[in-house]
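Here is how the chains run, residue by residue.
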Amino acid sequence: MSDEFEELGPIDYLVVEFPGNRMTGEGLPILVDLVDRGLIRILDLMFVRKDDDGSVTGVEIADFTGDGELDLAVFEGASSGLLGQDDIDEAAEALEPGSSAAILLYENRWAAPFAAALRRGGARMVASGRIPVPALVAALDATEASH
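Below you will find a few notes about this structure. These numbers were taken from a predicted model, which means no experiment stands behind them.

A separate point is the side chain of Glu107. Along the chain, Glu107 falls in strand 4 (residues 99-108). Here Arg41 takes part through its side chain, which lies 2.8 Å from a polar atom of the side chain of Glu107. Sequence-distant contacts of Glu107, defined by excluding residues within four places in its chain, comprise Glu7, Leu8, Gly9, Pro10, Ile11, Leu39, Ile40, Arg41, Leu43 and Ala112.

What follows covers the pattern of salt bridges. Under the definition given, this model contains 6 salt bridges. As a salt-bridge pair, Glu107 and Arg109 come within 3.8 Å of each other at their nearest N and O atoms. One connected set of salt bridges, linked through shared partners, spans Arg41, Glu107 and Arg109.

Mapping Ser100 onto the fold places it in strand 4. Beyond its immediate stretch of four places on either side in the chain, Ser100 contacts Val16, Glu17, Phe18, Asn21, Met23, Val48 and Arg49.

A few words now on the pairing of strand 3 (residues 56-59). In this structure, strand 2 (residues 40-50) lies alongside strand 3, joined through 4 bridges in antiparallel fashion. What sits directly across from Arg49, in strand 3, is Thr57. The antiparallel pairing of strand 2 with strand 3 creates a hairpin that spans 5 residues between the two strands, and Gly54 there sits at a positive phi of about 95°.

This paragraph deals with a nonpolar patch on the surface. A cluster of nonpolar side chains, contributed by Ile131, Leu136 and Leu140, occupies part of the molecular surface with about 310 Å² of accessible area. In this structure, Ile131 sits in the loop between helix 4 (112-120) and helix 5 (133-146).

The subject of this paragraph is the environment of Glu107. The class for Glu107 is buried, based on a relative accessible area of 2%. The spacing of Glu107 and Asp12 is 95 residues in sequence and 6.4 Å in space, taken between C-alpha atoms. In this structure the side chain of Glu107 is engaged in a polar contact, spanning 2.7 Å, whose partner is the backbone nitrogen of Gly9.

Glancing now at a negative patch on the surface. On the surface, Asp86, Asp89, Glu90 and Glu93 cluster together to form a negatively charged patch. Tracing the chain through its elements places Asp86 in helix 3 (residues 85-93).

With antiparallel pairing, 4 strands are arranged side by side in an open sheet as 1-4-2-3. Edge positions in the sheet fall to strand 1 (11-18) and strand 3, since each of these pairs with one other strand and no more. For this sheet the average axis-to-axis angle between neighbouring strands, irrespective of direction, equals 25°. With 8 bridges connecting them, strand 1 and strand 4 associate as antiparallel partners. Considered in strand 4, the bridge of Tyr13 is made with Leu105. Against the sheet, helix 3 engages strand 1, strand 2, strand 3 and strand 4, with an angle of about 60° to strand 2.

Rules of the game
- Residues numbered from 1 in each chain as written.
- Predicted model: local features only at pLDDT ≥ 70, side-chain atom pairs only at ≥ 80, totals over all residues.
- Heavy atoms only, no water.
- Helix = DSSP H or I, 4+ residues; strand = E, 2+ residues; numbered from the N terminus.
- Polar contact = N/O pair within 3.5 Å; in protein donor to acceptor, adjacent residues only side chain to side chain.
- Contact = heavy atoms within 4.5 Å.
- Salt bridge = Lys/Arg side-chain N within 4 Å of Asp/Glu carboxyl O.
- Pairing = 2+ DSSP bridges.
- Patch = residues over 30% accessible without salt bridge, like charges linked within 9 Å, V, L, I, M, F, W, Y side chains within 5 Å.
- Areas by Shrake-Rupley, 256 points an atom, 1.4 Å probe, with all protein chains shown as cover.
- Buried < 20%, exposed > 50% of the residue type's maximum accessible area, 1.4 Å probe, protein only.
- Lys, Arg positive; Asp, Glu negative; His and termini not counted.
- Charge placed at Lys NZ, Arg CZ, Asp CG, Glu CD.
- Axes fitted to C-alpha atoms, helices over the stretch in contact; angles between N-to-C directions.

Written as structure tokens, this is what we have:
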């Protein structure tokens, strides 16, 4: 592994659906803050729309909040080339017709020193995952109910 990749943090992706194509931009300041603080690095950011007939098209960076400014101008050109058409197609499968989605690929920069130290010590990641919040709440409720 080259030195450049030795220092990478874990890479994650998110696909966020906006039913009815309602992108308000409400989460954008928080995303910008995460980048500004060096907690994450955006590798790719794409927007797609799934029409009522099921066809999927790319959506340009836009003024989602209607204030006259490009809400995502700070991320314009954020494209590592890692997301391809197959990723877009797979994300589109999860979308309801008549909705839009953001596809975000990011590095967890906060974890990079930890991950690099583990790699230097010969460790390797063999599994990774995420527990959805509703599943966590249900498990906690079930635990509480059994006590």
